[in-house]
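# Structural overview
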Amino acid sequence: MARAWRRAAPPAEDPAVRSRSGIELLDVGHTYGDRVVLREVSLVLPEHRVAVIGSNGSGKSTLARLLNGLVLPTSGRVLVDGLDTATDLRAVRRRVGFVFQDPDAQIVHPTVAEDVAFGLQNQRVPAAERDQRVTEVLARYGLTEHADHPAHLLSGGQKQLLAIAGVLVMRPARVVFDEPTTLLDLANRRRVGRVIEELEQDVVVVTHDLDLLAGFDRVLVVEDGRVVADGGPDETVGWYVARMS
Ligand code: ADP
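Small disclaimer: the values here were computed from a predicted structure and weren't measured.

### Side note on the layout of surface pockets
The calculated volume of the largest pocket comes to roughly 830 Å³. Lining of the largest pocket is provided by 24 residues; of these, Arg93, Phe118, Gly119, Asn122 and Met170 occupy positions nearest its centre. If you list the elements that add at least two residues to the lining of the largest pocket, you get α2 (89-95), β7 (96-99), α3 (112-122) and α5 (156-168). For the lining of the largest pocket, the element with the highest residue contribution is α3, accounting for five residues.

### Let's talk about the packing of α3 against α5
The description of two helices packed together rests on the angle between their axes and the distance between the axes. Put simply, α3 and α5 touch, their axes get as near as 8 Å, and they point 30° apart. It follows that α3 is roughly parallel to α5 by the angle criterion. For the pair α3 and α5, the sense of crossing is right-handed. Side by side, α3 and α5 meet where Val112, Asp115 and Val116 of the first sit next to Leu162, Ala165 and Gly166 of the second. In terms of residue class, the contact of α3 with α5 is made up of four nonpolar, one polar and one charged.

### Regarding the nonpolar core
Membership of the largest hydrophobic core comes to 43 residues, with the highest contact counts inside it found for Tyr141 and Phe177. The element contributing the most residues to this core is α5, with six residues. Look past the residues within four positions of Tyr141 in its chain and what remains in contact with it is Leu161, Ile164, Ala165, Leu168, Arg191, Val195 and Leu199. Within the second largest apolar cluster, 27 residues are counted, among which are Leu25, Leu38, Leu67 and Val204.

### Re the site of the ligand
The ligand sits among Tyr32, Arg35, Val37, Ser55, Asn56, Gly57, Ser58, Gly59, Lys60, Ser61 and Thr62. Contact between the ligand and Gly59: an oxygen atom at 3.0 Å from a main-chain N or O atom of the residue. At a separation of 2.7 Å, an oxygen atom of the ligand approaches a polar side-chain atom of Lys60. Starting from 560 Å² of accessible surface for the ligand in isolation, the protein chains cover 60%. If you list the elements that add at least two residues to the shell around the ligand, you get β3 (35-45) and α1 (60-66). Looking at the shell around the ligand element by element, the count peaks at three residues for α1. Split by residue class, the shell around the ligand holds two nonpolar, seven polar and two charged.

### Overview of unusual backbone geometry
A positive phi angle is found at Asp27, which is not glycine, with a value near 50°. With respect to the helices and strands, Asp27 occurs in strand β2 (residues 23-32). Positive phi, normally seen in glycine, also occurs at Asp81, with a value near 50°. Here Asp81 lies in the loop between β5 (75-80) and β6 (83-84).

### Considerations on the sheet that holds β3
Taken together, four strands build an open sheet; the order of strands is β3-β2-β5-β6 and the sheet is antiparallel. Strands with a single pairing partner mark the edges of an open sheet, and in this sheet they are β3 and β6. Sheet topology note: the β5/β6 ladder contains two bridges and is antiparallel. Along β6, the bridge assignment pairs Leu79 with Asp84.

### Section: the side chain of Asp202
Summarising the element assignment, Asp202 is placed in strand β9 (residues 202-206). Overall, the relative accessible area of 4% leaves Asp202 in the buried class. A distance of 3.2 Å separates a polar atom in the side chain of Asp202 from a polar atom in the side chain of His48.

### Some thoughts on α5
Between its terminal C-alpha atoms α5 stretches 18 Å, which fits the 18 Å expected from 13 residues at 1.5 Å a residue. Most of α5 is tucked away: ten of the 13 residues are buried. Taken as a whole, α5 has its buried residues at Gly157, Lys159, Gln160, Leu161, Leu162, Ala163, Ile164, Ala165, Val167 and Leu168.

Conventions we followed
- Residues numbered from 1 in each chain as written.
- Predicted model: local features only at pLDDT ≥ 70, side-chain atom pairs only at ≥ 80, totals over all residues.
- Heavy atoms only, no water.
- 1 Å grid on protein atoms, 1.4 Å probe; cavity = no way out; pocket = protein on both sides within 12 Å on 5 of 7 lines; lining within 4 Å.
- Points joined across faces, edges and corners; volume = space filled by probe spheres on them.
- Helix = DSSP H or I, 4+ residues; strand = E, 2+ residues; numbered from the N terminus.
- Axes fitted to C-alpha atoms, helices over the stretch in contact; angles between N-to-C directions.
- Parallel < 35°, antiparallel > 145°, perpendicular 65-115°, else oblique.
- Left-handed = near helix turned anticlockwise from the far one by under 90°.
- Contact = heavy atoms within 4.5 Å.
- Nonpolar A, V, L, I, M, F, W, Y, C, P; charged D, E, K, R; others polar.
- Core = buried A, V, L, I, M, F, W, Y, C linked by side-chain atoms within 4.5 Å.
- Buried < 20%, exposed > 50% of the residue type's maximum accessible area, 1.4 Å probe, protein only.
- Near = heavy atom within 4 Å.
- Polar contact = N/O pair within 3.5 Å; in protein donor to acceptor, adjacent residues only side chain to side chain.
- Areas by Shrake-Rupley, 256 points an atom, 1.4 Å probe, with all protein chains shown as cover.
- Pairing = 2+ DSSP bridges.
- Expected span 1.5 Å × (residues − 1).

Here it is in structure tokens:
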């Protein structure tokens, strides 16, 4: 395993959204039927920004989905601030938001504002606070003028921003992104990259977009269901690119 120098997480800017102890995977395995997709993965992820890279089919998306309980481990445990995804799913989901590669998987309500408000309604956040939070997050992602438009009429880039807004309005402490830029053109890839870079939340980002990783604290390379390299972005991405060429 390539183990490179690892930078410590930056100091907390806002204690309200900083992690308490981070995400831990304890000897995690996952199988779909009799197909083994992840094996013996043990990780502690206290860093601010962690990326997961690797070939298609290596298990990255499954690993990402384990982090907020979208997938439960077949063996081992996944803990978020000490909460087990298998037994504390609701609490874990409040702490860890998830952004899918395809925003259409996430956008379910007719208008942009309704879509963003949905999760807050579910949590019975009072209407005045809900409206304020929706207004703020739409403004932050340049969607204010589209608030009452049908979500399906947005461009691909705007849809991804809407999906991100719908997660961030819930104020999770961490956000997991599963290939958030794969379906976007260059300008929108950069825009979403900047959005991720500016988040005060801790992030875990699965990506093939190696340009995204410059400021990351830690990069994991997954191969055939195992973490085969783990370190700072320069060393780890260099190791990965050399291995692929
Ligand atoms: P990656 O994100 O690296 O492409 P995935 O975690 O999506 O990898 O998939 C790893 C392997 O598990 C692939 O072979 C994929 O076909 C398989 N797989 C993923 N999801 C399922 C599922 N729901 N049922 C069966 N097999 C799956």
